[in-house]
Protein chains: 2
Amino acid sequence: MNAMTAARTPRPASAPRPGLRERKKLKTRLAIREATYRLIREQGYDATTVEQIAEAAEVSPSTVFRYFTTKEDIVLTDEFDPVLERELRQRPADEPIVESLRRVLRHAVAFGFADEPEEAILRTRLMIEVPAVRSRMLESMSVTGGILCRVIAERTGKDPGDLEVRTFAMGLIGALTETTAYWAEHGHKEDLAELVDRTLTVLTTGFSGASGPGSMPS
Amino acid sequence: MNAMTAARTPRPASAPRPGLRERKKLKTRLAIREATYRLIREQGYDATTVEQIAEAAEVSPSTVFRYFTTKEDIVLTDEFDPVLERELRQRPADEPIVESLRRVLRHAVAFGFADEPEEAILRTRLMIEVPAVRSRMLESMSVTGGILCRVIAERTGKDPGDLEVRTFAMGLIGALTETTAYWAEHGHKEDLAELVDRTLTVLTTGFSGASGPGSMPS
DNA sequence: CCTCTTTTGAGAGCTACTCTCATTTCATGA
DNA sequence: TCATGAAATGAGAGTAGCTCTCAAAAGAGG
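Everything numeric here is computed off the predicted structure, so don't read it as measured data. (Residues numbered from 1 in each chain as written. Chains lettered and ligands numbered in written order. Predicted model: local features only at pLDDT ≥ 70, side-chain atom pairs only at ≥ 80, totals over all residues. Heavy atoms only, no water.)

Caption draft 1: A look at the overall build of chain A. From N to C terminus, chain A includes 10 helices and 0 strands. For chain A, the proportion of its 218 residues judged to be buried stands at 50%. Considering only contacts in chain A between residues 6 or more positions apart, those separated by 24 or more positions represent 70%. For chain A, the exposed surface amounts to about 10400 Å²; the carbon and sulfur share of it is 53%. (Helix = DSSP H or I, 4+ residues; strand = E, 2+ residues; numbered from the N terminus. Buried < 20%, exposed > 50% of the residue type's maximum accessible area, 1.4 Å probe, protein only. Contact = heavy atoms within 4.5 Å. Areas by Shrake-Rupley, 256 points an atom, 1.4 Å probe, with all protein chains shown as cover.)

Caption draft 2: Representation of the pattern of salt bridges. Residue and element names in this part refer to chain B. Evaluation of the coordinates by the stated rule reveals 34 salt bridges over all chains. One salt bridge connects Asp197 with Arg106, and the closest N-O pair in it is separated by 3.3 Å. With Asp197 in helix H10 (residues 192-206) and Arg106 in helix H6 (residues 97-115), the pair connects residues that are 91 residues apart, well separated along the chain. On the basis of relative accessible area, Arg106 is assigned to the partly exposed category, the value being 40%. (Salt bridge = Lys/Arg side-chain N within 4 Å of Asp/Glu carboxyl O.)

Caption draft 3: The arrangement of the relation of the copies chain B and chain A in detail. Once chain B has been moved 0.0 Å along the axis and rotated by 180 degrees, it coincides with chain A to within an RMSD of 0.1 Å. Those values place the two copies in the arrangement expected of a two-fold rotation axis. Distance from the rotation axis, computed per C-alpha, reaches its smallest value in chain B at Gly171(B): 2.0 Å. The share of interface residues of chain B whose copies in chain A are also at the interface is 98%, consistent with both copies meeting through the same surface. (Least-squares fit on C-alpha atoms with pLDDT ≥ 70 in both.)

Caption draft 4: Fine view of the interface of chain B and chain A. Contacts between the two partners involve 46 residues from chain B, matched on the other side by 45 residues from chain A. In total, chain B and chain A occlude about 4100 Å² of area from one another, counting both sides; carbon and sulfur atoms represent 62% of this. Run the count over chain B and chain A and you get 8 salt bridges. Of the charged contacts in the structure, one is a salt bridge between Arg134(A) and Glu139(B), with a shortest N-O distance of 2.7 Å. For the pair chain B and chain A, the number of links is 10 residue pairs in polar contact (both at pLDDT 80 or more). Per element, the largest residue contribution to the side of chain B that touches chain A is 15 residues, and it comes from helix H9 (residues 163-185) of chain B. Broken down by class, the residue content of the side of chain B that touches chain A amounts to 20 nonpolar, 15 polar and 11 charged. (Buried area = accessible area lost by both parts, 1.4 Å probe. Polar contact = N/O pair within 3.5 Å; in protein donor to acceptor, adjacent residues only side chain to side chain. Nonpolar A, V, L, I, M, F, W, Y, C, P; charged D, E, K, R; others polar.)

Caption draft 5: The arrangement of the protein's contact with DNA strand C in detail. Not every one of the 21 residues close to DNA strand C is listed here, only the nearest: Lys25(A), Thr63(A), Tyr67(A), Leu20(B) and Lys71(B). The share of sugar and phosphate among atoms of DNA strand C within 4 Å of the protein is 62%. Ser60(A) places a main-chain nitrogen or oxygen 3.0 Å from a phosphate oxygen of DNA strand C. At 3.0 Å from a base oxygen of DNA strand C is found a side-chain nitrogen or oxygen belonging to Arg21(B). Those elements that place two or more of their residues in the surface near DNA strand C are helix H1 (20-43) and helix H3 (61-67) of chain A together with helix H1 (20-43) and helix H4 (71-76) of chain B. When residues of the surface near DNA strand C are assigned to their parent elements, the largest contribution, 4 residues, is made by H3(A). Considering only residue class, the surface near DNA strand C consists of 5 nonpolar, 9 polar and 7 charged. (Near = heavy atom within 4 Å.)

Caption draft 6: Seen up close, the environment of Glu85(A). All names here are of chain A. You can see Glu85 is positioned in helix H5 (residues 80-90). Exposure remark for Glu85: the relative accessible area of 13% places this residue in the buried category. Residue contacts for Glu85: discarding those within four places in its chain leaves Ile147, Arg150 and Val151. Only 3.0 Å separates the side chain of Glu85 from the side chain of Arg150, close enough to count as a polar contact.

Caption draft 7: Structural context of the protein's contact with DNA strand D. In the region of DNA strand D, 21 residues are neighbours, and Lys71(A), Lys25(B), Thr63(B), Arg66(B) and Tyr67(B) sit closest. Of what DNA strand D places within 4 Å of the protein, 58% of the atoms are sugar or phosphate. Take Arg21(B): an N or O atom from its side chain is 3.3 Å from a base nitrogen of DNA strand D. Between DNA strand D and the protein, one listed contact pairs a phosphate oxygen with a side-chain N or O atom of Tyr67(B) at 2.9 Å. Elements represented by at least two residues in the surface near DNA strand D include exactly H1 and helix H4 (71-76) of chain A together with H1 and helix H3 (61-67) of chain B. The element best represented in the surface near DNA strand D is H3(B), accounting for 4 residues.

This is the structure we're talking about:
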């Protein structure tokens, strides 16, 4: 899931030794992101201009846009999707997809949150406070949705382009995003992993009956 | 649903006679929108500047932004949400929400599509082609989601802020949005109402088993 | 050490969007 | 019908995100 957890860049297992060039690029990327986080924390999102970010990171504004296509991307960009896909594929093929998601997300949440709790919190806060960030983040969801489609299709033998597969996947993503929003709106106090659990339960068991006649009298 | 169908402005039943001022405002609004649609059809979304739109609609650029807060809004803005809410409330209180949605949406789709098929098609096309439009449209979904929450909460006696209610609603919205995207990506050839039907069926019956073990062997 | 390639910085330029203020246009009551 | 108040408009300046180009700087490789 994109902005749900962390924005770390998982080191690929095969690191044949990055040259000086690559190392510098990574450092610049980190510098920009850290400067951004700091400035936003100090003065808010809108008040922070790309020019300020560039200055704080000691690069030119051009360079900032070379590394991140939009300002929102500086906050949101993560490389979590491939991780999600890989981990989902590692689950047994006969496990229901919702169950796989439950496991994978629980693990991801625990991991990402333990690593950089402050950034995860800032990110989700911006996601509900700053329209531009929210938009961008919703956008990235459709990418994640596409991945889900592929995994689902693989397990069921269906086509990833099937209406049923696609709506199923986006339904999941939509619900999980809302879970993150809920978490953020409640001050990040509750346990995100547990919230995700409850959401997935609703999706599997309560979806059809959640508002049926007399299913929940007051 | 927001950009799913039409962007008409439903005349409120109680129209005690709009003054000249109101009528003019409505005319300008329409002029801006029509000019926008025409220009976009002719030269594409990005190539069309607000200045051009203003000139074509014979107003000043300031006025354009007075009527629509963003350029994307000119294409997307509709007043469909209140209609959706009203119609949903008119359904019997003991009807499952998914069933109510099925009815209401089928009606809305037929209605809106018969009225302005070209605009509906252009809108959904832009929604998958232009990132900015897609973003804005995803954004408006959360508003629609809020409405759904209220209706669901009313029927079940739950709190509209409940995690379960919210994720359920956003799951629905996410799936339905994907349905629209599917429709647009396939050249608007299939019957949207039927696609919506299939989606809702997936959500109620197939959601839990859609990818369960052996639920669909190739 | 020299050359080739990649990365960077500087700067001009476009456009969406905001804000202010003077002017025009409509509504209302005398 | 006209005067007064309120609302809508236009003009214009300004901000900032984002793009593009081109020349200078910095790593990589022989």
